[in-house]
Amino acid sequence: MEPKEAAIALLEEILMGGDENCKYINAMGVISANGIPALIKCMDRVEGRHSIVSVLLCCIKADRSCRNVIATRIDLPLVLELFHGGNDGLRGICVEFLSEIVQLNRRTICNKVLQRIKEEGAFSTMHAFLVYLQMAPMEQQLLIATLLLQLDLLVEPRKMSIYREEAIEALIEGLRRKDFLNFQIMASDALISLSGRLTSSGKSYNEELLLKIAGFDQPYNTVMKEEKLILHETESKETMEEDEKAAKSWEKRVAFVLCNHEKGSIFKVLEECLKSDSLEMAKSCLVLSTWLVHMLSRLPETGVRNAARKSLLDQFINVLLSSRNLEEKILATLALKSFIKDQGALEELGVYAKGIYKVLRKLKRNSVVVTDILKALMNLPSVNAMELWSCSEVVELGSCTNGEVLCLLHLNGRVLSSHADGTIKVWDAGKRVLRFIQEVREHTKAVTCLYVSSSGDKLYSGSLDKTIRVWTVKQEEIYCVQVHDVKEPVYHLIADPNVACFSSQGSGIKVYNWSGVPKHINFNKYVKCLAMSDNTLYCGCSGYSIQEVDLCKHTSSSFYSGAKKLLGKQTIYSLHIQGGLLFAGGSSVDGTAGKVFSISTKGVTGSLSTGFDIQCIAVSNDFLFTGTKCGTIEVWLKERVTRIAAIKMGGGGHTRITSLVLDANGDMLFAGSSDGKIQAWALE
């Protein structure tokens, strides 16, 4: 035996001997001594080749990041030659080695390595792997099946492939092996890793990515922060974009073949796995099931979605209701979100609406997809929305000494209130209570309106003292930075750094460019409320009409005109814009006090049927809230414009609700009243 061969054999003995800690220390010694490139150069020697593969495999297990160097430099035909000519033990080492070097974090590079494995061997690699799959010991079956499936998926899976079918069947069979729990878990993890979402150490971050898609970013951000410290700074943006494109294409291929194998047989197997007594097994299968169901919504319909629903819908609901783990609950919401696109699944989900509604509401802050599920449930004809919605009063504050509450505004966890005596108050609303922070009294008369800039750092206030004030908003206080004398009382105000629009005693509105004299745009109607979208101002007016003003051209036109019999008698008191819709509330006529308009078409999309005049409106993603002059807040389904509940404000029927506002998440409703009270409710 030559010295080099003897040295390699001795190195193998050293690395394979001892406990795991010794193996790790010795392998790290090889890596730190830059031994990997030297070992790869020796692969052309037949004698000692198997020892080199064993040593390299030990190095990969000690430091997963070194697989990138090995994968790109090693002569793969020599490893394949070793596989073809070796005994079962040597074949097992070769399969494990090849499985490791294709677990790369770059999809484009991984595909190139797979292509080399597929094409560079002297014999048909895929055929050899298929034969070995039939006779391989159990611990090798998952590795060879995963490798074989990846080789098959290098081309689009348009036709039936014996390699693909046998590989998938072996992996699914692994999930069925209840008598071998560790083998089951390995099968599930192998299927998850097939998605190709791997870190530089070869660990799957599929779970973290799914959580990010659901709106829970923290685990993903932690993984990516670590990855950015490892990735080369020389990677160009174009390279990374190309790799992400390849990753998405690969992910779709894998999901497509797994979901469509034997008409979705994997879903039935996963149903049983999710019932496992092993928390580790159940969690792994939850990640796998969520990923497959999520991908189904992105794949062409082939008839397997029904199989997924029948097997998994109940299991996801069970996780949502019974799991104590936040991340597991969020994964379940992502899966349920994928199901709501299927009307049959949505109807089935509706059966559980009463049980899951409150759980979903609590998850709104953690998962963005919850809003879509809640909306879908609330708008199901088979679901009684009145049974689902509820609220609880959390605070009632009296500010009678400051007079009527004229306006409420929610901003970054704080509530601002303006009052008839000229004060503005700031409240901390971060913990479902209102904690007084600040009171300012710089206006000399009633502060009729508050408006905040889109950036959230500027507050505008209008008053009967004929001024508009501009305020800087800080964490614990506001302070006035500008005072503009506009010569007229300000009743309603909308403003930004470029312009302020307000209504006063006369007809029409005033447009003020923060200097000079405000420009009067007259349309012979008295304005009672304002709303703005882009460069268009909408004015709710007397005569139950809405005017729109082009702020670029300073021209006005009619957006909506009330029936002739109402002209001069009825009024629009409140306007609100959200999602391309204009919500208008006002006098109740013939049982209708409000309408919903499409801004683009100006058509009416819904009517608020109530006998109460609507004084103010607040809108969330799912609901409308309308305040009346008799102390009642009516609650409506936003999409169906159907009344589902009513909230009675303290003070009795003589209390007029002057202002309504929601917090950023739509979880808290705040109301101001004519008797100086502010009340808040937690929405369930």
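Structure: above.
Residues numbered from 1 in each chain as written. Predicted model: local features only at pLDDT ≥ 70, side-chain atom pairs only at ≥ 80, totals over all residues. Heavy atoms only, no water.

**Brief notes about the overall build of the protein chain**
And then number 1: Within the protein chain, the secondary structure is distributed over 23 helices and 28 strands.
And then number 2: A globule of 684 residues ought to have a C-alpha radius of gyration of about 26 Å, yet the protein chain, at 33 Å, is considerably larger.
And then number 3: For the protein chain, the C-alpha atoms occupy an extent of roughly 105 × 50 × 45 Å along the three principal directions.
And then number 4: Sequence separation of at least 24 residues holds for 54% of the intrachain contacts in the protein chain that already meet a minimum separation of 6.
And then number 5: When the accessible surface of the protein chain is summed, it comes to about 29800 Å², and 50% of that surface belongs to carbon and sulfur atoms. (Helix = DSSP H or I, 4+ residues; strand = E, 2+ residues; numbered from the N terminus. Rg over C-alpha atoms; globule rule 2.2 N^0.38 Å. Contact = heavy atoms within 4.5 Å. Areas by Shrake-Rupley, 256 points an atom, 1.4 Å probe, with all protein chains shown as cover.)

**Quick notes on the environment of E262**
And then number 1: Its place among the elements puts E262 in the loop between α15 (237-260) and α16 (265-273).
And then number 2: Taking the relative accessible area as the measure of exposure, E262 reaches 54% and is therefore exposed. (Buried < 20%, exposed > 50% of the residue type's maximum accessible area, 1.4 Å probe, protein only.)

**Regarding the sheet that holds strand β19 (residues 581-589)**
And then number 1: Strand order in the open sheet made by the 4 strands is β18-β19-β20-β21, with antiparallel pairing throughout. Of all the strands in the sheet, the pair left with one neighbour each is β18 (572-578) and β21 (604-609). Looking at each pair of strands side by side, their axes are set apart by 20° on average, direction ignored.
And then number 2: Both β19 and strand β20 (residues 592-598) contribute to a ladder of 6 bridges, which runs antiparallel. If you follow G585 over to β20, its bridge partner there is G594. (Pairing = 2+ DSSP bridges. Axes fitted to C-alpha atoms, helices over the stretch in contact; angles between N-to-C directions.)

**Quick word on the layout of surface pockets**
Unoccupied space between atoms shows up once a probe the size of one water molecule is rolled over them.
And then number 1: Computed from the structure, the second largest pocket encloses a volume of approximately 890 Å³.
And then number 2: Together, 32 residues line the second largest pocket, and Q103, D189, A190, S193 and G202 are the ones closest to its centre.
And then number 3: For the lining of the second largest pocket, the elements supplying multiple residues, two or more each, are α7 (88-101), α10 (138-152), α12 (181-193), α13 (206-213) and α17 (279-296).
And then number 4: Examining the composition of the lining of the second largest pocket, we find that 6 residues originate from one element, α12, more than from any other.
And then number 5: Taken together, the residues of the lining of the second largest pocket break down into 12 nonpolar, 10 polar and 10 charged. (1 Å grid on protein atoms, 1.4 Å probe; cavity = no way out; pocket = protein on both sides within 12 Å on 5 of 7 lines; lining within 4 Å. Points joined across faces, edges and corners; volume = space filled by probe spheres on them. Nonpolar A, V, L, I, M, F, W, Y, C, P; charged D, E, K, R; others polar.)

**Focus on the pairing of strand β9 (residues 478-485)**
And then number 1: As defined by bridge partners, strand β8 (residues 467-473) adjoins β9 across 7 bridges and the pair is classed as antiparallel. Residue pairing across strands places R469 opposite V483, the latter belonging to β9.
And then number 2: Between β8 and β9, which pair antiparallel and follow one another directly, the connecting turn spans 4 residues.

**Brief notes about the side chain of T658**
And then number 1: Position of T658 relative to the elements: it lies in strand β26 (residues 657-662).
And then number 2: On the basis of relative accessible area, T658 is assigned to the buried category, the value being 14%.
And then number 3: Setting aside anything within four residues of it in sequence, one finds T658 in contact with E404, V405, L406, C616, G672, S673 and S674.

**As for unusual backbone geometry**
And then number 1: The phi dihedral of N34 falls on the positive side, at around 60°, and the residue is not glycine.
And then number 2: The residue N34 is located in the loop between α2 (20-32) and α3 (35-41) in this model.
And then number 3: Despite not being glycine, N412 shows a phi value in the positive range, around 50°.
And then number 4: Mapped onto the secondary structure, N412 falls in the loop between β2 (405-411) and β3 (414-419).
And then number 5: For N412, a relative accessible area of 56% gives the class exposed.

**Observations regarding the nonpolar core**
And then number 1: Counting residues in hydrophobic clusters, the biggest one holds 151 residues, and the most contacted among them are F97, W389 and F625.
And then number 2: With 10 residues, α17 is the largest single contributor of residues to this core.
And then number 3: Other than its neighbours up to four places away in sequence, F97 contacts V53, L56, L57, I60, I70, I74 and V79.
And then number 4: Membership of the second largest hydrophobic core comes to 15 residues, among which are L411, V440, L450 and L459. (Core = buried A, V, L, I, M, F, W, Y, C linked by side-chain atoms within 4.5 Å.)

**A look at the packing of aromatic side chains**
Remark: the centre distance and the inter-plane angle together describe each pair of aromatic rings, the angle taken between the planes.
And then number 1: Following the criterion strictly, the structure yields 13 aromatic pairs and no others.
And then number 2: Residues F83 and Y132 carry aromatic rings whose centres are separated by 5.5 Å and whose planes lie at 90° to one another, so their mutual orientation is edge-to-face. Of this pair, F83 sits in helix α6 (residues 76-85) while Y132 sits in helix α9 (residues 125-135), and the two are 49 residues apart along the sequence. You'll find F83 and Y132 in the same group, each marked buried. (Phe/Tyr/Trp six-rings, centres within 6.5 Å; stacked < 30°, edge-to-face > 60°.)

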